[in-house]
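# Observations on the three-dimensional arrangement
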Amino acid sequence: MPDSEELDEILKEIKNINAPKEEEPKKPEAPLSFAKEEEAPKAAAPEFKPEIKEEPKKESLSFDNFSTFNSAEKDNAPKVIREEAKEMATDKKPPKKGNKKPIIIAIVVVLIVAIAVAAAVIVKNKNKEPETTAPQTTQEQTTAAPVVAKTNPLTGESDFNEKAVGKRPIACVVENSVSARPQWGIADSKNPPDIIVEGEVEGGETRMLWMYADYTAVPSQIGPMRSARPPYIKFSELFDAIFLHWGQSQTKRGTNYIGANTVFRQDNVDHINQMTYSGKVALFGRDSSRGVSTEHTGVMYGSKIAAAIKGEGFRTDANESKYTKFNFASEESTVSDKECKTLGLTFSNRTATRDWTYNSSDKMYHSNDYKTDVARKNLLVLFDQTNYVSKANYKNSGSSEVYCNYKLAGGKGKLATDGTIVDINWSVKDGVLVIKDTNGNDVKFNVGTTWIGYASSNNGGSVK
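Below or above, wherever it landed, is the structure these notes cover. Only a predicted model underlies this, so the values are computations on that prediction, with no experimental measurement involved. (Residues numbered from 1 in each chain as written. Predicted model: local features only at pLDDT ≥ 70, side-chain atom pairs only at ≥ 80, totals over all residues. Heavy atoms only, no water.)

## Overview of unusual backbone geometry
Leaving glycine out, the prevailing phi sign among residues is negative, and the prevailing peptide bond configuration is trans. Here R181 and P182 are connected by a cis peptide whose omega angle stands at -10°. With respect to the helices and strands, the residue P182 is situated in the loop between β1 (170–175) and β2 (195–200). Cis geometry is found at the peptide bond from G223 to P224, where omega equals 5°. Positionally, P224 belongs in the loop between β3 (206–212) and α6 (230–237). Residue K363 is not a glycine yet carries a positive backbone phi of 55°. Along the chain, K363 falls in the loop between β10 (353–359) and β11 (364–367). With a phi close to 55°, L408 is a non-glycine residue in the positive phi region. (Helix = DSSP H or I, 4+ residues; strand = E, 2+ residues; numbered from the N terminus.)

## Quick word on the sheet that holds strand β4 (residues 242–245)
Pairing is mixed in the open sheet, where 10 strands are placed in the order β5-β4-β1-β3-β2-β20-β13-β16-β17-β18. Two strands lie at the open edges of the sheet, namely β5 (271–273) and β18 (432–437), each paired on one side alone. Neighbour-to-neighbour, the strand axes of this sheet turn through a mean angle of 25°, independent of strand direction. One ladder, built from three bridges, connects β4 with β5; its direction is parallel. What sits directly across from L244, in β5, is I272. The sheet contacts of α6 involve β1, β2, β3, β4, β13 (378–384), β18 and β20 (450–456), and relative to β3 the element is tilted by about 25°. (Pairing = 2+ DSSP bridges. Axes fitted to C-alpha atoms, helices over the stretch in contact; angles between N-to-C directions. Contact = heavy atoms within 4.5 Å.)

## Structural notes on the sheet that holds strand β12 (residues 374–376)
Ordered in space as β12-β11-β10-β9-β21, the five strands form an open sheet in which the pairing is antiparallel. The sheet is open, and its two borders are formed by β12 and β21 (462–463), each paired with just one other strand. Taken together, the three bridges between β10 and β11 define a ladder with antiparallel strand orientation. Note that in β11 the partner of N359 across the bridge is M364.

## Some thoughts on the layout of surface pockets
Taking a probe equal in size to a water molecule and rolling it over the atoms shows the remaining empty space. As a volume, the second largest pocket reaches approximately 650 Å³. For the lining of the second largest pocket, the secondary structure elements donating two or more residues are β3 and β15 (401–406). Split by residue class, the lining of the second largest pocket holds six nonpolar, 14 polar and 12 charged. (1 Å grid on protein atoms, 1.4 Å probe; cavity = no way out; pocket = protein on both sides within 12 Å on 5 of 7 lines; lining within 4 Å. Points joined across faces, edges and corners; volume = space filled by probe spheres on them. Nonpolar A, V, L, I, M, F, W, Y, C, P; charged D, E, K, R; others polar.)

## Description of the pairing of β11
Alternating residues of β11 divide into M364 and H366 and Y365 and S367, and every residue in both groups is buried. Hairpin connection between β10 and β11: a loop of four residues separates the two successive antiparallel strands, and K363 in this loop has a positive phi of roughly 55°. Inspection of the sheet shows β11 paired to β12 by three bridges, in the antiparallel sense. Opposite H366, over in β12, you have A375 as the bridge partner. Hairpin connection of β11 to β12: six residues between the antiparallel strands, including K371 at a positive phi of 65°. (Buried < 20%, exposed > 50% of the residue type's maximum accessible area, 1.4 Å probe, protein only.)

## Considerations on the environment of K338
By secondary structure assignment, the location of K338 is in the loop between β8 (327–328) and β9 (342–346). Sequence separation of K338 and I421 is 83 residues, and the distance between their C-alpha atoms is 5.9 Å. Excluding residues within four positions of it along the chain, K338 makes contact with G419, T420 and I421.

## A look at helix α8 (residues 305–312)
Among the residues of α8, I305, A308 and I309 are the ones counted as buried. Seen end-on, α8 carries its buried residues on one side only, within an arc spanning 100°. Exposed residues pointing more than 90 degrees away from the buried face of α8 are listed as K310 and G311. The positive-phi residue at the C-terminal boundary of α8 is G313, with phi of around 70°. (Arc of directions from axis to C-beta.)

## Here's the deal with the side chain of T297
Residue placement: T297 occurs in the loop between β6 (284–286) and β7 (298–300). A polar side-chain atom of T297 sits 3.0 Å from a polar atom in the side chain of R286. The residues touching T297, leaving out its near neighbours within four places in the chain, are G285, R286, D287, S288 and V292. (Polar contact = N/O pair within 3.5 Å; in protein donor to acceptor, adjacent residues only side chain to side chain.)

## Quick look at the side chain of R168
Relative to the elements of secondary structure, R168 occurs in the loop between α5 (139–142) and β1. For R168, a relative accessible area of 4% corresponds to the buried category. Of the polar contacts made by the side chain of R168, one reaches the backbone oxygen of D240; its length is 3.0 Å. Polar side-chain contacts of R168 include one of 3.5 Å to the backbone oxygen of A241. In this structure, R168 is in contact with A213, Y215, D240, A241, I242, D270, R315, T316, D317 and A318, ignoring residues within four places of it in sequence.

## Overview of the pattern of salt bridges
When the charged atoms of two side chains lie near each other, side chains of opposite charge can form a pair. Per the counting criterion, the structure on display carries 13 salt bridges. The salt bridge involving R229 is made with E202; its shortest N-O contact spans 2.8 Å. On the criterion of sequence distance, the pair formed by R229 in the loop between β3 and α6 and E202 in the loop between β2 and β3 is long-range, its members being 27 residues apart. Accessibility classification places R229 together with E202 in one group, the buried group. Ionic pairing is found between D423 and K414, a salt bridge with its closest N-O pair at 2.6 Å. Residue classification places D423 among the partly exposed residues on the basis of a relative accessible area of 39%. Take K414: its relative accessible area is 22%, and that puts it in the partly exposed class. Within this structure, R168, D240, D270 and R315 form a network of salt bridges that share partners. (Salt bridge = Lys/Arg side-chain N within 4 Å of Asp/Glu carboxyl O.)

Put into structure tokens, the structure is as follows:
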């Protein structure tokens, strides 16, 4: 028969066990015996019915409660439990001594309760919606990778090489005598210098320091390269730069001139000098195509810089606390109401004047003094205290050489951008360059390249 009907039959039989039975004739109680209770009566013994004393009526679990389970619950009751309950209910063996009926009833009750619980659990689990375990998301999946700010720290431009972010810039000494112009790379269409610093050296000449934030993007050839001077080394340290040059001024005993060689050593500056460089790559070379004297032909190859720096084992991660960062405006803007269409800087009373003209079409300042069109977004003039130091018997020539030294003491200056100009104050604080307006507020540069005119405040430097 079907399982549900079979379970109904079990229940009926169990109810019959609980039903009251007719009282049978009493039989004298037998003496206490330790014979096996499970032993069946012998066939030869006369048949008799033992006297069964009626147990006091007790309240017991009603099996009617179990009948309230639906057929599905009955059908789901474990088959083993159903069969065992049925087998106990239909057991026809004669009752044993000691009246085991209450024990049997108790066992049956326990089994029925177990069946009911099992059936309820089965039905509940059967009707329960299957649970879907959402895949655990790891921290690596849910946490977005930090966005790297791909901004050139020297120009504020956003299309910067991501691999150069957080790296040290380089500072390269480039000649500016008439025979050196136009300099290779000064007006490169793709990667001109980010910052050009120009100041006086000796003999009324100026020299330049070109800075690149990404030294892997330097043009294939720049120069002419020239020798280092202490003011340029000190200035490069404001940007935590690696210094590249061709020669250096020397400290000479018996004079008060401190040369570049001493500053490199005292300040522990990472630098590569062509005169002593013995690296595995051909970083320097000569270009004699212009037909000028040899001292104006020394060049450096941009594609070799990274390998040379690696070969020297220099630190390449920038020390951000020693790296000057200009404040760049988020949008193109003027710095004042004062117009500045032209700017001419005389570095000292010994030098010529560098002239710039503003072009409103591209919003850049242009100069042709370098025998090529050099364009800059910002013009920054810094006036500093200077002094002239004479070095006797220069290169054993019997004559003296007069060097121009800058004290890097801070002072006044000007910033021209977007056809306007503003007076500024500058200083060096904690190893970086600080630019403020005359009210002490930060000055905003416009995004782009910068020319810095390093002039004398006490030896005839002026702006017109």
